[in-house]
Amino acid sequence: MKRIVALAFLLVLVLLPLSVSAQSSSDTVILAFSRQPDSLIVDYAITSTAGFAMQVLYNSLVTQSADGNYVGELADSWTVSDDQLTWTFNLRQDVTWHDGTPFTAQDVAFTFTFPASADYGGALAPTSLALKGAQAYHDGTADSIEGIQVIDDHTIALTTEQPSALFLDIQGARYILPAHLLEAVPVADLPNSPQARAPIGTGPYRLVEWRTDEALIYQRYDGYFGEPAQIANYIWRIIPDQSVQITELLSDGVQIVPETLPDDFVTLENEPLVTRLQLPGVNFTMLQFNITKPFFQDVRVRQAINSAINRSSIIAAVGGGFGIPVTQIVHPSLPEYNSNLAGFAFDPEAARALLAEAGWTDDDGDGIVEAHGVAGLDDGTPFSVELGTFDRPLYSNTVQIVQQNLRDVGIETNINVSDFNTYFSEYLTATSDYEMAISGWFAFEQIPQGELQTNFGRGEALNFAHWDSTDEFEAIIANAPTEFDAAARQQLYWRAAEIIEENAVWAHLARLDNLITYSASLNVPEVSSLTQLFASVPQWTWAQ
């Protein structure tokens, strides 16, 4: 795999769109990905793709070091008051946005203010609503948030309503956005602002162009306050066909494929020009129910569907055997992961029995169960629903297995496959009228407070199941951030996962390993997850 050193980055830009394969140069690395982000504003991005794409663009007040401790990023230092309510951050004075504008405390204040607005529709409202006076601001009874105090351009104090044991994990790790570009934009219009497609950040790379469905083109930001990126130009090529990505890797059209198909990964085992990397998956697949539909209001039906699905067959057929069944949203690397949770075993007989208990039996012998005494449905209504997903092999292949598993216990599903962008903007949203849907979740390797709250809390932005939750679950979500005893807090999160399983809110499916292949000439630091891989891009180098 010869690297073509003479091909300058300017030529790469000229050759894209990609009818001609762009090849590497000594100051360029090209990554193949099957899809583009949905948005590059963290508040409105709901895909892991966006999370990966944003990692080199933005910074937070603090970040975690390799040993798990928090260190300053945009903040030089910080103090917390004796009552654990007020966090005062001393900000770096050498930071500029990608347009050259100095970073100040006003940017931090803006970032924590707009998600408390009544017009905000993103997923990160809890980061701001935890601040003192944020609810009054949200309700329109205050013009500002009392708990946000700009002391000077490089000092800001953030005060919470209650002591927060997770302040650095949640508020401190939030990406900061540019006030000078966004504060004049109505909050309701932020999702469609230029920041979504042409973001200005403070990170080691800046996005110079996003060519829809073709490429994201990054360049090293020479004004970056930290260690400069080692490779000047970083390109995402959007190549939907993952088998074509490997062809491009072997011909040097790309140099790294973060989502290699299992068959290709095995085939490349003895390829000397390729390095292989197998990591525990950060994404998992799940089946979501719209619990407002009469088909799914009985928990026994949801438990039956969980029992009907053969997760091992999904791992074997779709993941080539590389992966594990999923029991919960929490990442397995975290202490908050409840290892005692067994999940639902594959048991079609148990599934049929649960369906019968819930009033679903096949009386006409056609293989499909019908409703008998099911609230909201006429007797004799067949259990026939739409099952949606999107056009990526992992999901479109998984949906075929799930369809057959459900058919085997008497549930008929009609598959509806949308394109990626339509699926997450129209088909599966907080207000869409879907019935069942298969999608994926990017499991963050951090305290799961936000994931649990936004996906399962009452009325939350990502609670697509429309689950009414339980009082116990809501109490856990309210109390966990105030619990300073790590062991006690861990038990709360373990219980939250148990409640979700007891109510069968989702059918968790499979966490497939991340299989990565890249040019043997590319030096990649040691990483333990796909998240860390994308975060490590500034440290990538070419072998001399």
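See the structure shown above.
Residues numbered from 1 in each chain as written. Predicted model: local features only at pLDDT ≥ 70, side-chain atom pairs only at ≥ 80, totals over all residues. Heavy atoms only, no water.

J.: Lay out the overall build of the chain in plain terms, naming residues and giving numbers.
T.: Regarding its fold elements, the chain presents 18 helices and 24 strands. Each principal axis of the C-alpha atoms in the chain carries an extent, and together these give about 70 × 60 × 40 Å. In the chain, which comprises 544 residues, the proportion classed as buried is 55%. Of all intrachain contacts in the chain linking residues separated by at least 6 positions in sequence, the fraction that spans at least 24 positions is 67%. Here the chain has roughly 21200 Å² of accessible surface; of this, 49% comes from carbon and sulfur atoms. If you average the places of the 23 positive and of the 68 negative side-chain charges in the chain, the two averages end up 6 Å apart. (Helix = DSSP H or I, 4+ residues; strand = E, 2+ residues; numbered from the N terminus. Buried < 20%, exposed > 50% of the residue type's maximum accessible area, 1.4 Å probe, protein only. Contact = heavy atoms within 4.5 Å. Areas by Shrake-Rupley, 256 points an atom, 1.4 Å probe, with all protein chains shown as cover. Lys, Arg positive; Asp, Glu negative; His and termini not counted. Charge placed at Lys NZ, Arg CZ, Asp CG, Glu CD.)

J.: Describe helix α3 (residues 105–113), and please don't skip the residues or the numbers.
T.: Because each turn of an α-helix spans 3.6 residues, side chains separated by three or four positions in sequence point in the same direction. Counting buried positions along α3 gives eight out of nine residues, so the element sits mostly inside the fold. Within the span of α3, buried status applies to A105, D107, V108, A109, F110, T111, F112 and T113. Along its buried surface, α3 packs onto β5 (86–91), α4 (125–129), α5 (134–139), β6 (148–152), β7 (155–159) and α7 (179–182).

J.: Which residues make up the packing of helix α16 (residues 471–479) against helix α17 (residues 486–502), and what values go with them?
T.: In the contact formed by α16 and α17, the axes pass within 10 Å of each other and the chain directions differ by 150°. Our classification of the angle between α16 and α17 gives roughly antiparallel. The interaxial crossing formed by α16 with α17 has left-handed handedness. Each of E472, F473 and I476 in α16 lies in contact with α17, whose residues at this interface are L492, R495, A496, I499 and I500. Tallied by class, residues from the contact of α16 with α17 come to six nonpolar, no polar and two charged. (Axes fitted to C-alpha atoms, helices over the stretch in contact; angles between N-to-C directions. Parallel < 35°, antiparallel > 145°, perpendicular 65-115°, else oblique. Left-handed = near helix turned anticlockwise from the far one by under 90°. Nonpolar A, V, L, I, M, F, W, Y, C, P; charged D, E, K, R; others polar.)

J.: Go over empty space enclosed by the protein, please, and point to the residues and values.
T.: For the structure on display, the rule yields three cavities of 30 Å³ or more. Of the volumes computed, that of the largest cavity is approximately 90 Å³. What lines the largest cavity is simply I46, M286, Q288, F424, L428, S439, G440, W441, N455, L462 and F464. Among the elements of the structure, β13 (283–289) and β19 (436–442) are those that each provide at least two residues to the lining of the largest cavity. (1 Å grid on protein atoms, 1.4 Å probe; cavity = no way out; pocket = protein on both sides within 12 Å on 5 of 7 lines; lining within 4 Å. Points joined across faces, edges and corners; volume = space filled by probe spheres on them.)

J.: Mind laying out the sheet that holds strand β18 (residues 412–418), listing which residues take part and the relevant values?
T.: Pairing is mixed in the open sheet, where five strands are placed in the order β18-β17-β19-β13-β20. Sheet topology places β18 and β20 (506–508) at the edges, where each strand pairs with a single neighbour. Shown here is a sheet whose adjacent strand axes are inclined to one another by a mean of 30°, direction ignored. Two elements, strand β17 (residues 384–390) and β18, share seven bridges in a ladder whose sense is parallel. Bridge assignment links F390 to a residue of β18, and that residue is S418. Each of β13, β19 and β20 is contacted by helix α10 (residues 299–308), which is oriented at about 140° to β13, the strand it contacts most. (Pairing = 2+ DSSP bridges.)

J.: Would you mind going over the nonpolar core in detail, with residue names and values included?
T.: Proteins that are soluble and globular tend to have nonpolar side chains buried together. Residues L287, I305, W360 and F383 are the most contacted members of the largest nonpolar core, which totals 73 residues. Once residues within four sequence positions are removed from consideration, L287 is found in contact with I305, I309, L387, V402, M436, A437, I438, W506, A507 and L509. Of all hydrophobic cores here, the second largest spans 51 residues; its members include A179, Y234, W236 and I516. (Core = buried A, V, L, I, M, F, W, Y, C linked by side-chain atoms within 4.5 Å.)

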